[in-house]
Amino acid sequence: MKPRTFAIVGCGKVGVTLAWHLAHIGYLPLGFASRRSASAHAAAESAGGGRVCRDPWEAAADADVVFITTPDGTIGSVAAGLAEHKGLKRGAVVLHCSGALSSEIIAAVRRCGAHAGSLHPLQSFAAPAFPENPFRGIIMAGEGDDKALDLAREIATGFQATFLTIETEHKTLYHAAAVVASNYLVTLLAASTRLLEGSGIAPEETLKVILPLVRGTLNNIEKRGVADALTGPIARGDIDTVEAHCRKIEQSLPDLLPFYQVLGRYTLPLAQGSVRADKLSEMADLLGRS
Ligand SMILES: NC(=O)c1ccc[n+]([C@@H]2O[C@H](COP(=O)([O-])OP(=O)(O)OC[C@H]3O[C@@H](n4cnc5c(N)ncnc54)[C@H](OP(=O)(O)O)[C@@H]3O)[C@@H](O)[C@H]2O)c1
């Protein structure tokens, strides 16, 4: 089979990463466009070829697959520009990589006979990532038109990722789940390190103190599942300890009390199998029923 050609519009962290890895699994680089030409040149260099174009529709013309990897807020207008300038060949697949948006944001490309889809790598890219493969073993979630899904699956498989099909209408909840697991973990550790500092531990020591505990918890979750991994005062029904935490936090870092309480409330149902209902109800009062 003739190798497929690809174009990238929006040559930032994800665009440049895709350029390198697509080229390395046998896709042919065809065109690159970005807001600044230096970024498009960097992507072409990373892919080992392809033309650098001023306009997205020049870069995308003739490509079998076009990735729109601009910031989420501009994906729709880039797709509209491609459609308006007839910058796609019939049967081309256009994919964006946003987790929050569905393929409907690029529906305009269907006017050129192209297929719309999204392929979201469930991974964090702080910078372009190569030569190491950042896709290996991760989830890449796809949705959209059938032809777009087929190609998205082929690319994910080529990257040694696990392809997951997501229903278009459920994409936003899927992304909210990723935000809770990844971004809010950062928020949790920010709160935890503040509490540690409040307990007298030097700021530069806090991560050293807490990270082994976090890793141990992740290991337990992996081995036993989420509910069975719960330990601590709520899992033991230890009302006095929860009460002491609330009192001390209120005195020392009062803005963190609602944070502690709301997470505690969401922890209570996980303890239902191991703690008596009357104790759970008492703890719910302490944590402020919602
Ligand atoms: N980073 C992550 O961890 C991550 C993870 C999963 C999915 N994603 C998704 O991947 C997509 C790209 O994210 P990113 O992190 O790679 O963003 P990024 O590093 O900010 O890159 C976006 C690139 O698009 C270019 N650009 C901006 N507006 C443009 C326009 N109107 N036309 C053409 N190019 C334009 C930018 O300009 P310059 O030419 O000025 O450089 C920039 O290089 C987003 O949909 C994001 O949600 C990101």
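Predicted, not measured: the structure shown is a model, and the values here were computed from it. (Residues numbered from 1 in each chain as written. Predicted model: local features only at pLDDT ≥ 70, side-chain atom pairs only at ≥ 80, totals over all residues. Heavy atoms only, no water.)

> Hey, could you run me through the overall build of the protein chain in this one?
When you go through the protein chain residue by residue, the secondary structure sums to eleven helices and eight strands. Since a compact globule built from 290 residues should have a radius of gyration of about 19 Å, the 24 Å found for the protein chain marks it as more spread out than a globular shape. For the protein chain, the spread of C-alpha atoms along the three principal axes comes to 70 × 40 × 30 Å. When each of the 290 residues of the protein chain is scored for burial, the buried share is 44%. Split by element, the accessible area of the protein chain, about 15500 Å² in all, is 56% carbon and sulfur. Within the protein chain, one finds 28 positive and 29 negative side-chain charges whose respective centroids are separated by 4 Å. (Helix = DSSP H or I, 4+ residues; strand = E, 2+ residues; numbered from the N terminus. Rg over C-alpha atoms; globule rule 2.2 N^0.38 Å. Buried < 20%, exposed > 50% of the residue type's maximum accessible area, 1.4 Å probe, protein only. Areas by Shrake-Rupley, 256 points an atom, 1.4 Å probe, with all protein chains shown as cover. Lys, Arg positive; Asp, Glu negative; His and termini not counted. Charge placed at Lys NZ, Arg CZ, Asp CG, Glu CD.)

> Teacher, can you tell me more about the pairing of strand β4 (residues 65-68) here?
Two faces, one strand: in a regular strand the side chains alternate between the faces of the sheet. Because side chains alternate across β4, one face comprises the buried residues V65 and F67, and the other comprises V66 and I68, equally buried. Pairing analysis gives four bridges linking strand β1 (residues 5-9) to β4, with the strands arranged parallel. Bridge assignment links F6 to a residue of β4, and that residue is V65. By the bridge criterion, four bridges tie β4 to strand β5 (residues 93-96) in an arrangement that is parallel. The partner of I68 across the bridge, within β5, is H96. The parallel pair β4 and β5 is bridged by helix α4 (residues 72-84), and the resulting crossover is right-handed. (Pairing = 2+ DSSP bridges. Right-handed = clockwise from strand over helix to strand, strands pointing away.)

> Whenever I open this one, a nonpolar patch on the surface confuses me. Can you help?
On the surface, L185, L188, V262, L263 and Y266 cluster together into a nonpolar patch covering about 450 Å² of accessible area. Of all elements in the fold, only α6 (171-198) and α10 (257-267) reach the threshold of two or more residues within the nonpolar patch. The residue V262 is located in helix α10 in this model. Overall, the relative accessible area of 32% leaves V262 in the partly exposed class. (Patch = residues over 30% accessible without salt bridge, like charges linked within 9 Å, V, L, I, M, F, W, Y side chains within 5 Å. Salt bridge = Lys/Arg side-chain N within 4 Å of Asp/Glu carboxyl O.)

> Just checking my understanding: could you explain the environment of I8 for this structure?
With respect to the element layout, I8 can be found in strand β1. In this structure I8 comes out as buried when scored by relative accessible area, which is 0%. Remark: the alpha-carbon pair of I8 and L95, spanning 87 residues in sequence, is separated by 9.8 Å. When near neighbours in sequence (up to four residues on either side) are disregarded, I8 contacts G15, L18, A19, L22, G31, F32, A33, F67 and T69. (Contact = heavy atoms within 4.5 Å.)

In short, the description is geometric, and any link to function would need to be established separately.
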